Amino acid sequence: MSDIASSSFVRQDLLTERPAPVKTTGFVGLMRTRLFNSPTNILLTIVGALLLWFTIVPSVRFLLVDAVWSGKDRTACLTENAGFAVGACWPYIQAKLPQLIYGFYPEAERWRVNLTFVLAVVLLVPLLVPRLPAKGLNASLFFVAFPIVAFFLLHGGGIKGFGLSWTAGLLELFDESISGAGQALLSLSKTSAAGPLLWLVGSLIVLVGTAIHWLILPLIWLRDQIQGAGQSLWADFAVTAAVVCLIAFGLGGGLRTGWRALASSIAAFVAIAAVIKLMGLDRGGLPVVTTNLWGGLLVTLVVSVTGIVTSLPIGIALALGRRSTIPLIRIFSIAFIEFWRGVPLITVLFFATYMLPLFLPGNFTVDGLVRALIGIALFTGAYQAENVRGGLAAIPRGQGEAAAALGLSWWKTTSLIVLPQALRHVIPNLVNSFISLFKDTSLVSIVALFDLLGSLRASFSDPKWSTPSTAFTGFAFAGIIYFIFCFGMSRYSLFVEHRLNAHRRN
Amino acid sequence: MSDPIVKISGLNKWYGDFHVLRDVDLDVRKGERIVICGPSGSGKSTLIRCINALEEFQEGEIVVDGIELGPNLKHVDAVRREVGMVFQSFNLFPHLTVLDNCTLAPIWVRNIPKKDAEAAAMKFLERVKIPHQANKFPGQMSGGQQQRVAIARALTMNPKVMLFDEPTSALDPEMVKEVLDTMVDLAEEGMTMLVVTHEMGFAREVANRVVFMDAGQIIEANTPNEFFAAPQHARTKLFLSQILR
Ligand SMILES: Nc1ncnc2c1ncn2[C@@H]1O[C@H](COP(=O)(O)OP(=O)(O)OP(=O)(O)O)[C@@H](O)[C@H]1O
Ligand SMILES: [Mg+2]
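Quantities reported herein were computed from a predicted structural model and do not represent experimental measurements. (Residues numbered from 1 in each chain as written. Chains lettered and ligands numbered in written order. Predicted model: local features only at pLDDT ≥ 70, side-chain atom pairs only at ≥ 80, totals over all residues. Heavy atoms only, no water.)

## With respect to the overall build of chain B
Alright, step 1. Across its full length, chain B carries nine helices and 10 strands.
Alright, step 2. Taken over C-alpha atoms, the radius of gyration comes to 18 Å for chain B, in line with the 18 Å a tight globule of 245 residues would show.
Alright, step 3. Oriented by its inertia axes, the alpha-carbon framework of chain B measures out at about 55 × 45 × 40 Å.
Alright, step 4. Counting only residues that meet the buried cut, chain B has 55% of its 245 residues in that class.
Alright, step 5. Surface exposure of chain B reaches about 10600 Å², of which carbon and sulfur atoms provide 48%. (Helix = DSSP H or I, 4+ residues; strand = E, 2+ residues; numbered from the N terminus. Rg over C-alpha atoms; globule rule 2.2 N^0.38 Å. Buried < 20%, exposed > 50% of the residue type's maximum accessible area, 1.4 Å probe, protein only. Areas by Shrake-Rupley, 256 points an atom, 1.4 Å probe, with all protein chains shown as cover.)

Here is the structure:
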């Protein structure tokens, strides 16, 4: 050893690297430093190993080792025939797979479901990969165009009118309901004590209704003309396209800067026309498959994707409403959130399915699946509102003040400064709600919708496949499917969280 | 003398029952640098936050560059476009890079194309001497650098008046100087500035006028020389004796 105590020191030969005296890397190192380094850890390690032993080993035995892999019917999965205690009966899943995916969707039309799945994946994957360009176009295709195309693919049917006749129809309905309310008040005024007052209000409302009637008369007339002529859809389409393009042009800044808006709205209408033509929507479209025939994974995915996509905007709107300074909006948001959070999802689904039709006016029906969709969207929306509110509360006041001082309006401050930060804070909570929504979709089976789990249980009753292990096999399969989707969401959210929070790492 | 660019007259403000600002009158001429000082809770922040309508007030009038801001805050947007503000706690947007912090308002408020906004922002970042940090996030910079970015961000909107609310109070001593230097540069370029600060050195060097506030009112206003050498009011003397020690 050199003597550093003396005042001058110069190293003669450099020391070479040598391994640590106690092994800290590799398997032995792991055992020594992490698993067996203290009595508590030894105990925990043993308990953990036992737990793994008692869960993993039986699962693997059931799913793989003792499983039956081929066969034509139940006989293959019986212990007498197989010669060993049979675990999973996979031929049963294989035989029932179409039912589990499509439900009672007619076999000849199943390509439509497959095409929808393919479209969804083709549009969703590029949206999820941050590196790929054109996110705006991609998002509008997935969130706006895809649901419409998917509806006509899955449900079928065509369209008779377009924007013009829809607007005319809506305005007509609006006008009729106003006049109807006025008439009701008028007839009530004949019997009620507050007669004169009711009569006054009633005639005022009827007057408004009549005024609206005269206002929309040209529109109705135009619609009737178009409907009278042949090719009514295309005439309607042309009128709508022209009007919307002109409005876009005007709003986009007219002759100076409106050309971009004009070009993109023309492109959008060309695309719409192509889709209409391609799917033959002008000639009745594809054969209608009513939603009571849908089932299996199809229903699970339709319900959960719709729920996920619609609940977030609902939640954001409610959370912002809850913090609003306008009392009416705030009270409405609070009441809405508390109502939906206070009711179990099952009640919501029952209400939507069996009670809602009683409240709707006579000839007005809403499809059963749509009712469940709306119920789930509102229910999850209320939960998401509370998640988002947590994120909003975490944003310091100074952020909004700084944005205001720069001249940003409330909307721009909210959408550019507050929400992006708030949502980043609560990604784990949001995805947590998405995951629980995905699993809660199985509740729709109690309102006569056959989702994955519902179809599975329906298949249990098939005598051709009834064996002791059929139910276990089926539930194991469903569990694996649910797990794949939920685990996928969970991992993706971790990835997004990590990426978006780049600014929080130094 | 030119017309005042900021004209505050008869300004009164209450928080509930608490009378924070009492009959404040203050005229600021174009290019003038005013330092506002006073004990904690005297209403300095409240006063300058009223100027760009971050706070509402109940009585009086504020006119900024001819735009009138009454108690109903009618022309908020127009006023905010003329007034830049720098906060004690920087208030940079942590999820945006430095460059995006500086281009956000020009793009979304003034509708300037992104390229031009970025070019302009880089000029301002050069002026505060941090162009090479443009792609960092605020959380990756020191306090002094963050405050200089905040100054650059306010400047990108080409304000006619800059408000500073204790811009150096949250900074370590060695960073105070870099921010003050930036502000001195700004003053030398002729910017109209209202600065709430306890940096008396800055007041002596840069200010045209020092305004002393206490209990929501202006107690004394004078040129820095007069103000420090011969304070008139007893409260001013007490305050100065405490901070100048
Ligand atoms: N939102 C509020 N509600 C009620 N009172 C407030 C509010 N904001 C400030 N105040 C009170 O108003 C008074 C003036 O506050 P202000 O922030 O203007 O003081 P300041 O002079 O800037 O003090 P400091 O030097 O500590 O920043 C203080 O007494 C404070 O307690
Ligand atoms: Mg203050």
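Having seen the model, we can carry on.
## So, the state of the cysteines
Alright, step 1. Following the criterion strictly, the structure yields one disulfide over all chains and no others.
Alright, step 2. Here C77 of chain A pairs with C89 of chain A through a disulfide, and the sulfurs are 1.9 Å apart. With the S-S bond torsion at 75°, the cross-link from C77 of chain A to C89 of chain A turns out right-handed. Of this pair, C77 of chain A sits in the loop between α2 (39–65) and α3 (79–82) while C89 of chain A sits in the loop between α3 and α4 (90–102); the two residues are 12 residues apart in sequence, bridging distant segments of the chain.
Alright, step 3. The exposure class of C89 of chain A is buried, given its relative accessible area of 0%.
Alright, step 4. C50 of chain B takes part in no disulfide bond, and the closest cysteine sulfur, belonging to C37 of chain B, lies 19 Å away. (Disulfide = S-S within 2.5 Å.)

## Observations concerning the interface of chain A and chain B
Alright, step 1. Facing the 21 residues of chain A at the interface are 22 residues of chain B.
Alright, step 2. For the pair chain A and chain B, the summed buried area comes to about 1900 Å², and 65% of that belongs to carbon and sulfur atoms.
Alright, step 3. Joining chain A to chain B, the criterion identifies one salt bridge.
Alright, step 4. Here E401 of chain A ties to R49 of chain B by a salt bridge, and the two come within 2.7 Å at their closest N and O atoms.
Alright, step 5. At the boundary of chain A and chain B, one finds six residue pairs in polar contact (both at pLDDT 80 or more).
Alright, step 6. For the side of chain A that touches chain B, the secondary-structure elements that each account for two or more residues are α16 (397–405) and α17 (410–425) of chain A.
Alright, step 7. With eight residues, the single largest contributor to the side of chain A that touches chain B is α16 of chain A.
Alright, step 8. Partitioned by chemical class, the residues of the side of chain A that touches chain B number 10 nonpolar, six polar and five charged. (Contact = heavy atoms within 4.5 Å. Buried area = accessible area lost by both parts, 1.4 Å probe. Salt bridge = Lys/Arg side-chain N within 4 Å of Asp/Glu carboxyl O. Polar contact = N/O pair within 3.5 Å; in protein donor to acceptor, adjacent residues only side chain to side chain. Nonpolar A, V, L, I, M, F, W, Y, C, P; charged D, E, K, R; others polar.)

## Thoughts on the site of ligand 1
Residues and elements named next belong to chain B.
Alright, step 1. Around ligand 1, the neighbouring residues are Y15, F18, V20, P39, S40, G41, S42, G43, K44, S45, T46 and E166.
Alright, step 2. At 3.2 Å from an oxygen atom of ligand 1 is found a main-chain nitrogen or oxygen belonging to S42.
Alright, step 3. Side-chain polar atom of E166 to an oxygen atom of ligand 1: 3.0 Å apart, as the coordinates give it.
Alright, step 4. Considered on its own, ligand 1 offers 640 Å² of accessible surface; in the complex 59% of this is hidden by protein.
Alright, step 5. Within the residue set of the shell around ligand 1, elements represented by two or more residues are β2 (18–29) and α1 (44–51).
Alright, step 6. If one sorts the elements of the shell around ligand 1 by residue count, α1 sits on top with three residues.
Alright, step 7. Looking at the shell around ligand 1 residue by residue, the classes come out as four nonpolar, six polar and two charged. (Near = heavy atom within 4 Å.)

## So, the layout of surface pockets
Residues and elements named next belong to chain A.
Alright, step 1. The space that makes up the second largest pocket amounts to roughly 900 Å³.
Alright, step 2. Listed by contribution, the elements that provide at least two residues to the lining of the second largest pocket are α12 (296–322), α16 and α17.
Alright, step 3. Of the residues belonging to the lining of the second largest pocket, the class tally is 13 nonpolar, seven polar and six charged. (1 Å grid on protein atoms, 1.4 Å probe; cavity = no way out; pocket = protein on both sides within 12 Å on 5 of 7 lines; lining within 4 Å. Points joined across faces, edges and corners; volume = space filled by probe spheres on them.)

## Things to note about unusual backbone geometry
Alright, step 1. Positive phi, close to 65°, is recorded for A448 of chain A, a residue that is not glycine.
Alright, step 2. Locating A448 of chain A in the fold gives a position in the loop between α18 (427–440) and β1 (450–451).
Alright, step 3. A relative accessible area of 54% means that A448 of chain A is categorised as exposed.
Alright, step 4. In the Ramachandran plot, F90 of chain B falls in the positive-phi region, its phi being about 65° despite a non-glycine side chain.
Alright, step 5. Mapped onto the secondary structure, F90 of chain B falls in the loop between β6 (83–86) and α3 (98–108).

## Here we look at the packing of aromatic side chains
Alright, step 1. Using the criterion set out here, one finds 24 aromatic pairs over all chains in the structure.
Alright, step 2. Centre to centre, the rings of F212 of chain B and F239 of chain B are 4.9 Å apart; their planes meet at 40°, and the pair counts as tilted. With F212 of chain B in strand β9 (residues 209–214) and F239 of chain B in helix α9 (residues 234–244), this residue pair connects regions lying 27 residues apart in the sequence. Exposure class is identical for F212 of chain B and F239 of chain B. Each is buried.
Alright, step 3. Aromatic rings pair up to connect F162, W166, W234, F237 and F269 of chain A into one cluster. (Phe/Tyr/Trp six-rings, centres within 6.5 Å; stacked < 30°, edge-to-face > 60°.)

## So, the pairing of β2 of chain B
All names here are of chain B.
Alright, step 1. Inspection of the sheet shows strand β1 (residues 4–15) paired to β2 by eight bridges, in the antiparallel sense. Bridge pairing links L11 to V24 in β2.
Alright, step 2. Once β1 ends, the chain turns through two residues before running back antiparallel as β2, passing G16 with a positive phi of about 60°. (Pairing = 2+ DSSP bridges.)

## Points about the sheet that holds β9 of chain B
Residue and element names in this part refer to chain B.
Alright, step 1. Spatially, six strands are ordered β6-β7-β8-β3-β9-β10 in an open sheet, and the strand pairing comes out mixed. Single-partner strands in this sheet number two, and they are β6 and β10 (217–222). On average, each strand axis in the sheet is tilted by 20° relative to the strand beside it, whichever way the strands run.
Alright, step 2. Where β6 and strand β7 (residues 161–165) come together, four bridges link them in parallel fashion. Bridging from a neighbouring strand, M85 pairs with L163 of β7.
Alright, step 3. Strands in contact with α1 are β3 (33–37), β6, β7, β8 (192–196) and β9; relative to β7, the strand with the most contacts, it is inclined by about 155°. (Axes fitted to C-alpha atoms, helices over the stretch in contact; angles between N-to-C directions.)

## Description of the nonpolar core
Alright, step 1. Counting 58 residues, the largest nonpolar core has I8, L11, I36 and L194 of chain B as the members making the most contacts within it.
Alright, step 2. In contact with I8 of chain B, other than residues within four places in its own chain, are V24, D25, L26, D27, L47, I51, E61 and I62 of chain B.
Alright, step 3. Counting 57 residues, the second largest nonpolar core, distinct from the first, contains L154, L301, A382 and L449 of chain A. (Core = buried A, V, L, I, M, F, W, Y, C linked by side-chain atoms within 4.5 Å.)

## Notes on the domain arrangement of chain A
Alright, step 1. What the domain assignment reports for chain A is domain 1 (1–67), domain 2 (93–105 + 291–500) and domain 3 (163–283).
Alright, step 2. The C-alpha centroid of domain 3 of chain A is placed 73 Å from the C-alpha centroid of domain 1 of chain A. (Domains from an automatic or database assignment.)

## With respect to α1 of chain B
Alright, step 1. Counting buried positions along α1 of chain B gives seven out of eight residues, so the element sits mostly inside the fold.
Alright, step 2. One or two residues past the end of α1 of chain B sits A53 of chain B, with phi positive at roughly 65°.

## Structural notes on the packing of α18 of chain A against helix α20 (residues 470–500) of chain A
Residue and element names in this part refer to chain A.
Alright, step 1. Between α18 and α20, the least distance of the axes is 10 Å, while the angle of their chain directions is 170°. Considered as vectors, α18 and α20 are oriented roughly antiparallel to each other. Viewed along their axes, α18 and α20 form a crossing whose handedness is right-handed. Counted together, I427, P428, V431, F434, I435, F438 and K439 of α18 and Y482, F485, C486, M489, S490, S493, V496, E497 and L500 of α20 form the full contact between these two elements.
Alright, step 2. When the residues that make up the contact of α18 with α20 are grouped by side-chain class, the tally is 12 nonpolar, two polar and two charged. (Parallel < 35°, antiparallel > 145°, perpendicular 65-115°, else oblique. Left-handed = near helix turned anticlockwise from the far one by under 90°.)

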